[in-house]
Amino acid sequence: AEKMETSLASLSPPSVILTQDELKKIAAYKAVEFVESGMVLGLGTGSTACHAVDRIGELLRQGKLKNVIGVPTSKKTHEQALSLGIPLSDLDSHPVLDLAIDGADEVDTEMNLVKGRGGSLLREKMVEGACKKFVVIVDESKLVPYIGGSGLAMPVEVVPFCWKFTAKRLKDLFEDCGCVAKLRTCCEKINKKEQPFVTDNGNYIVDLYFKKDIGDLKIASDSILRLAGVVEHGMFLDMATTVIVAGELGVTIKNK
Ligand code: ABF
């Protein structure tokens, strides 16, 4: 990965402390500068991608962008894009997309990502895997020295059928890394009992937590995907073509 550009944030004087959401918006707006009229776009999910979708809607409304088609990565983004009047399509009609813009939970030094803490990893991986260019937008808190390095969850989407069995097999795969596997729950409780978080595809998510570096990411990815109850995992390896990072000192753009 080559660092292409570092510029001081032009949107505010350096003495002003920006909120995390303002940094996300700066990264998102920068990414939308890559969008051209006539493009078919993968529309990401999450609070950072939400700013990019808003901005695309605004530019379309102002007539500064024309004939853009969006392919949303979640039901939530679908709703957002509809409300903004962005014309929508899907992978069946547009199997090759020009550009996707989406956030991430972790970005390592090689531009590998963890995604899916927002729960949309499967559709994100399908859509972003079909794009010629995939621009990742993050604030600097998402940068990690290695995948799993934030100590936060690495999500795995699993089928609900015997999810405990799958969770146990996932945990066993990474026993040497002190792996803990937890079913993600939603805020709704029935008879005081926590309920599983259900993805847009009707599946569950098992979040993996590691005490140690999981080592070779390709090997880890392959072994997770070999388990029959697994649908997809949140490691996006070698997929990002550009990473835009907004930090207190400015915006950095890294290209593959
Ligand atoms: C999506 O949103 C996900 O892949 C990732 O889990 C999340 C990042 O969230 P946010 O932009 O709200 O920090 O891109």
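Cut-off values and rules
Residues numbered from 1 in each chain as written. Predicted model: local features only at pLDDT ≥ 70, side-chain atom pairs only at ≥ 80, totals over all residues. Heavy atoms only, no water. Pairing = 2+ DSSP bridges. Helix = DSSP H or I, 4+ residues; strand = E, 2+ residues; numbered from the N terminus. Axes fitted to C-alpha atoms, helices over the stretch in contact; angles between N-to-C directions. Contact = heavy atoms within 4.5 Å. Near = heavy atom within 4 Å. Polar contact = N/O pair within 3.5 Å; in protein donor to acceptor, adjacent residues only side chain to side chain. Areas by Shrake-Rupley, 256 points an atom, 1.4 Å probe, with all protein chains shown as cover. Phe/Tyr/Trp six-rings, centres within 6.5 Å; stacked < 30°, edge-to-face > 60°. Lys NZ or Arg CZ within 6 Å of the ring centre and 35° of its normal. 1 Å grid on protein atoms, 1.4 Å probe; cavity = no way out; pocket = protein on both sides within 12 Å on 5 of 7 lines; lining within 4 Å. Points joined across faces, edges and corners; volume = space filled by probe spheres on them. Nonpolar A, V, L, I, M, F, W, Y, C, P; charged D, E, K, R; others polar.

### Focus: the sheet that holds strand E6 (residues 113-114)
Alright, step 1. Pairing within the open sheet is antiparallel, and its 3 strands lie in the order E5-E6-E14. Of all the strands in the sheet, the pair left with one neighbour each is strand E5 (106-107) and strand E14 (235-236).

### Some points on the sheet that holds strand E9 (residues 180-183)
Alright, step 1. Taken together, the 4 strands give an open sheet; going across it, the order is E9-E12-E8-E13, and neighbouring strands pair in antiparallel fashion. Edge positions in the sheet fall to E9 and strand E13 (230-233), since each has one partner strand and no second. Strand-to-strand twist in this sheet, taken as the mean axis angle between neighbours without regard to direction, amounts to 30 degrees.
Alright, step 2. In terms of strand pairing, strand E8 (residues 154-158) meets strand E12 (residues 204-209) through 5 bridges, oriented antiparallel. Counted as the bridge partner of Val-158 is Tyr-204 from E12.
Alright, step 3. Each of E8 and E13 is contacted by helix H6 (residues 217-225), which is oriented at about 155 degrees to E13, the strand it contacts most.

### Let's talk about the site of the ligand
Alright, step 1. Looking at the ligand, there are 15 residues lining it, with Ser-47, Thr-48, Asp-105, Glu-124 and Lys-142 nearest.
Alright, step 2. One nitrogen or oxygen atom from the side chain of Thr-48 is found 2.6 Å from an oxygen atom belonging to the ligand.
Alright, step 3. Contacts to the ligand include Asp-105, whose side-chain N or O atom sits 2.6 Å from an oxygen atom.
Alright, step 4. For the ligand, the protein covers 91% of the area, taking 360 Å² as the surface of the free molecule.

### A short note on the packing of aromatic side chains
Alright, step 1. The tally for this structure, following the rule as stated, stands at 1 aromatic pair.
Alright, step 2. For the ring pair Phe-174 and Phe-210, a centre distance of 5.2 Å and an interplane angle of 75 degrees mean the geometry is edge-to-face. Of this pair, Phe-174 sits in the loop between helix H5 (163-173) and E9 while Phe-210 is found in the loop between E12 and H6, placing the two residues 36 residues apart along the sequence.
Alright, step 3. Sitting above the plane of the Tyr-209 ring, Lys-182 keeps its charged end 5.4 Å from the centroid.

### Things to note about the layout of surface pockets
Alright, step 1. Roughly 370 Å³ of internal volume is contained in the largest pocket.
Alright, step 2. Together, 23 residues line the largest pocket, and Thr-45, Gly-46, Ser-47, Thr-48 and Gly-118 are the ones closest to its centre.
Alright, step 3. Elements represented by at least two residues in the lining of the largest pocket include exactly helix H2 (47-61) and helix H3 (75-83).
Alright, step 4. Counting residues per element, the lining of the largest pocket draws most heavily on H2, which supplies 4 residues.
Alright, step 5. When the residues that make up the lining of the largest pocket are grouped by side-chain class, the tally is 3 nonpolar, 12 polar and 8 charged.

### Observations regarding the environment of Ala-220
Alright, step 1. Mapped onto the elements, Ala-220 comes out in helix H6.
Alright, step 2. As for Ala-220 and Met-235, which are separated by 15 residues in sequence, their C-alpha atoms are 9.4 Å apart.
Alright, step 3. In this structure, Ala-220 is in contact with Phe-174, Ile-214 and Met-235, ignoring residues within four places of it in sequence.

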